[in-house]
Amino acid sequence: MAKGKYCGVVVPMVTPVTEYGKLDTEAVEKIIEMFAQAGVHPLLMGTTGEGNSVSKEDAVLLVKTAAKAAKGRITIYAGLCGTCVSEQFEQGNRFFEAGADVVAATLPSYYALTPEQMEEYYTTLAEALHGPLMLYNITITTHMSIPLDVVKRLADHPNIVGLKDSENNLERLDQCLELIGGRDDFAYFCGCAANSAHALAHGANGIVPSGGNMIPEKYQQLYEAGVRGDKETAERLQKETDAYGQIYQKGFTLGQSLAALKVMMTTRGLCQPWMLPPLTRISAEDEARVLAETKKN
């Protein structure tokens, strides 16, 4: 069963924008209200939220808008990414001032880092931030994997509260939970939605599914089934959510899948289909197909 302060469904929220790239604050408020009603929490400016493409000022506005809309009902996780470490330190603290509860940081990814450099980066960041830090491992974008021995050592830092691991590797997932699972002071979040039921069955504290932007209730049900040990229900919901995820993922690159997800969200009146450069909308033909498949479900 999930333990500790940080647990549950954390949805990597899309960043809704207008045609001209302006943050759509009304859409942010609408999505946050949907999350609060479903009992799930947002991760702002993660990969799904086009975190690398959000300007510094819009990033702070996004956190402020989300925190105000949440009204303390749910936990606000703010994604921190970039390649200039000193700017990351400053931006992370601006997020806390704007109302974030936790900052989740990816590795600076321009240079390949040694394990020692990864550990030093997170240790220094944890000591510079004015609030809790979560490690964010995502090999598909950083092209690096935080070694588990580094994770274990960092888990003992008093200001590092967890790991969001988006590496699609079941062997690593199981090994990680053997190392740091069951702690009250360090949480493990499975960032690969297809492995949600498996992770919860093995003691994960939470899951981070991008599909939660559309069907947060389904993922909350999956989480609840997983933590109470109802494997049959969790596996059924895993299959249902996986099928739903195929609508915006199958045949697309990562960037295209995020655009397709926004198209799906237009059917619920949650946001517009616009993307931040360098990403763009998918083709009109693909948008029509995504809309048709969404309406079938």
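Structure first, text after, so check above.
Residues numbered from 1 in each chain as written. Predicted model: local features only at pLDDT ≥ 70, side-chain atom pairs only at ≥ 80, totals over all residues. Heavy atoms only, no water.

Engineer: Teacher, can you tell me more about the pattern of salt bridges here?
Structural biologist: Opposite charge on two side chains lets them pair, provided their charged atoms get close. Counted by the stated rule, this structure contains 16 salt bridges. One salt bridge in this structure joins Glu167 and Arg172, with 3.5 Å as the shortest N-O distance. Here Glu167 matches Arg172 in class, with each residue buried. With its nearest N and O atoms 3.8 Å apart, the salt bridge here joins Asp286 to Arg289. One end of the pair is Asp286 and the other is Arg289, both in helix H12 (residues 284–296) and 3 residues apart, which spans about a single turn. On the basis of relative accessible area, Asp286 is assigned to the partly exposed category, the value being 22%. Residue classification places Arg289 among the partly exposed residues on the basis of a relative accessible area of 30%. (Salt bridge = Lys/Arg side-chain N within 4 Å of Asp/Glu carboxyl O. Buried < 20%, exposed > 50% of the residue type's maximum accessible area, 1.4 Å probe, protein only. Helix = DSSP H or I, 4+ residues; strand = E, 2+ residues; numbered from the N terminus.)

Engineer: Explanation requested: helix H3 (residues 85–98) in the structure shown.
Structural biologist: Think of an α-helix as turning once every 3.6 residues; residues three or four places apart then point the same way. Counted at 1.5 Å a residue, the expected span for H3 with its 14 residues is 20 Å, and the 20 Å between its end C-alpha atoms agrees. Those residues of H3 that are buried lie in contact with helix H2 (56–70), strand E3 (77–80), strand E4 (102–105) and helix H4 (115–128). (Expected span 1.5 Å × (residues − 1). Contact = heavy atoms within 4.5 Å.)

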